[in-house]
Amino acid sequence: MNPYWAGTLLGLVLLASMVLSGRGLGASGGMKYLVVAAVGTVDNDHAQNSPFYSKYFREGKKPALNWLSIELAGLLIGGFISGAVSGRLKLKTEKSPKIKTFTRFIFAFLGGVLFVYGAQLARGCTSGAALSGMAVLSVAGFVTMMAIFGSAYLFAWFFRKLWI
Amino acid sequence: MGPIATLYHLPEWIDLVFALFIGIGFGFALEQAGFSSSRKLAGMFYGYDTTVLKVFFTAAIVALTGAQVLSYFGFLDLSLVYVNEYYVNAAIIGGIIMGAGFIMGGFCPGTGVCAASIGKIDAMVYLFGGLTGAFLFAETYPWIEELAGKNFKGAVKINDMLGLSPAVFTLLLVIAAVCLFWLAEKAEKRFARKEITSEC
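Residues numbered from 1 in each chain as written. Chains lettered and ligands numbered in written order. Predicted model: local features only at pLDDT ≥ 70, side-chain atom pairs only at ≥ 80, totals over all residues.

Some words on the packing of helix H2 (residues 28-42) of chain A against helix H7 (residues 121-149) of chain B
At a minimum axis separation of 9 Å, H2(A) and H7(B) run at an interaxial angle of 70°. What the angle tells us is that H2(A) and H7(B) run roughly perpendicular. Viewed along their axes, H2(A) and H7(B) form a crossing whose handedness is right-handed. Contacts from A:Met31, A:Lys32, A:Leu34 and A:Val35 of H2(A) reach H7(B) at B:Gly130, B:Leu131, B:Ala134, B:Phe135 and B:Ala138. (Axes fitted to C-alpha atoms, helices over the stretch in contact; angles between N-to-C directions. Helix = DSSP H or I, 4+ residues; strand = E, 2+ residues; numbered from the N terminus. Parallel < 35°, antiparallel > 145°, perpendicular 65-115°, else oblique. Left-handed = near helix turned anticlockwise from the far one by under 90°. Contact = placed C-beta atoms within 7 Å.)

Points about the domain arrangement of chain B
Residues and elements named next belong to chain B. Annotation of chain B at the domain level lists domain 1 (1-79 + 165-200) and domain 2 (84-156). If you average the C-alpha positions of domain 1 and of domain 2, the two centres end up 19 Å apart. Taken together, the contact between domain 1 and domain 2 spans nine residues of the former and eleven residues of the latter. For the side of domain 1 that touches domain 2, the secondary structure elements donating two or more residues are helix H2 (12-32) and helix H3 (38-42). When its residues are assigned to classes, the side of domain 1 that touches domain 2 shows five nonpolar, three polar and one charged. (Domains from an automatic or database assignment. Nonpolar A, V, L, I, M, F, W, Y, C, P; charged D, E, K, R; others polar.)

Quick look at the domain arrangement of chain A
All names here are of chain A. The domains assigned to chain A are domain 1 (1-90) and domain 2 (92-164). Ranked by residue count, the leading element in the side of domain 1 that touches domain 2 is H2, at four residues. Among the residues forming the side of domain 1 that touches domain 2, the class breakdown is four nonpolar, four polar and two charged.

Section: the nonpolar core
Counting 120 residues, the largest nonpolar core has A:Leu10, A:Leu14 and B:Ala60 as the members making the most contacts within it. Other than its neighbours up to four places away in sequence, B:Ala60 contacts A:Gly11, A:Leu131, A:Met134 and A:Ala135. (Core = buried A, V, L, I, M, F, W, Y, C linked by C-beta atoms within 7 Å. Buried ≥ 20, exposed ≤ 12 C-beta atoms within 10 Å, placed from the backbone.)

Thoughts on the interface of chain B and chain A
Counting residues at the interface gives 108 residues for chain B, matched by 105 residues for chain A. The dominant element in the side of chain B that touches chain A, judged by the number of residues it contributes, is H7(B), at 19 residues. Across the side of chain B that touches chain A, the residue classes tally to 71 nonpolar, 28 polar and nine charged.

A short note on unusual backbone geometry
Of note in this structure, A:Leu137 is not a glycine but carries a positive phi near 65°. Take A:Leu137: it is sitting in the loop between helix H7 (126-135) and helix H8 (139-156). Given 25 C-beta atoms within 10 Å, A:Leu137 falls into the buried group. Although it is not a glycine, B:His9 adopts a positive phi angle of roughly 45°. Note on placement: B:His9 falls in the loop between helix H1 (4-7) and H2.

What about the packing of helix H6 (residues 101-122) of chain A against helix H5 (residues 88-105) of chain B?
Two elements in contact, H6(A) and H5(B), have axes separated by 7 Å at closest approach and are oriented at 165°. Overall, the two elements H6(A) and H5(B) adopt an arrangement that is roughly antiparallel. Like other packed secondary-structure pairs, H6(A) and H5(B) cross with a definite hand, here left-handed. For the pair H6(A) and H5(B), contact is made by A:Phe107, A:Ala108, A:Leu110, A:Gly111, A:Gly112, A:Leu114, A:Phe115, A:Tyr117, A:Gly118, A:Ala119, A:Leu121 and A:Ala122 and by B:Ala90, B:Ala91, B:Ile93, B:Gly94, B:Gly95, B:Ile97, B:Met98, B:Ala100, B:Gly101, B:Phe102, B:Met104 and B:Gly105, respectively. Looking at the contact of H6(A) with H5(B) residue by residue, the class counts come to 17 nonpolar, seven polar and no charged.

Examining helix H5 (residues 67-85) of chain A
In this model, H5(A) (19 residues) spans 27 Å end to end at C-alpha, consistent with the 27 Å of a helix rising 1.5 Å per residue. One or two steps after H5(A), the chain reaches A:Gly87, where phi turns positive at roughly 65°. (Expected span 1.5 Å × (residues − 1).)

Digging into helix H6 (residues 109-117) of chain B
Along an α-helix, residues three or four positions apart point the same way, because every turn accommodates 3.6 residues. Counting buried residues in H6(B) gives nine out of nine residues, a clear majority hidden from the surface. Just beyond H6(B), the residue with positive phi is B:Gly119, at close to 105°.

Next comes the structure, spelled out in structure tokens:
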């Protein structure tokens, strides 16, 4: 799809989220709720005694059934539907021909660790903090957006072999 | 009149049904934008593909303008819509860490989920890293709590900070976005890499 049309569609989805639920979109938040739910299942004592995890279980709350975790499940379904409609469903690894698949995996893993860690600190990622924040004129949204893109440009030279 | 779930005190399960459908729309839009390809996303930082900027800013101005218009006509009560709170240090340092993760991993969390949904194995590895990152944050929280809460400014709005009305700021942002689109189109021609963009 033409990027400007896809952007318009994304903007309308975000607007629908504000009109229906009074909030923006998010992705890293749902991951946090999944981890919290998993820790609560595996080691309930640890979850109840930790000041971080325990707040997500207070008053019988279920982190796996949080708005953000359900939205994350929808994101997975929506991506799959789009891929199916456009004939893009295929198991593959994408990388520059200059690097090995294993190298791609190492950096994909590290990138995931850093991105979601940073998103927890900044209370949102590109969607939850930057995009949704900008749509409600939040200063935090604009600052986070500039920090993410500025930093990626700053580090781009060091990791160019991964992509070009 | 919105936000519907808050104003009409709808039961929680209906809000969760909204969440599911909003998520489906979100994933569909990201995938249609071409965001299930890491090399396309990374192109933003080398100039050969600027789809990220085009989609991101189009979405931001559509949602922002739409919300302002709906609020003006009384269809949306913006005081009931969540506004992200501003913790200066956390927003900047968190953003810098995210940028490093972006250029190493090639995805942000939303595009990573979307790419994994159509079968990109590198995206699945990225998401495994993402869950690990969320776990590490939870476990290291006692040490990072002070930094996370430093310089709290509340839910400040950028137009208030600049002393502008929301409408004037929105108009300025639309003009800025159009200028950025023009620059992005120029960059794509200047830094074109046909061998990459034809694949993704």
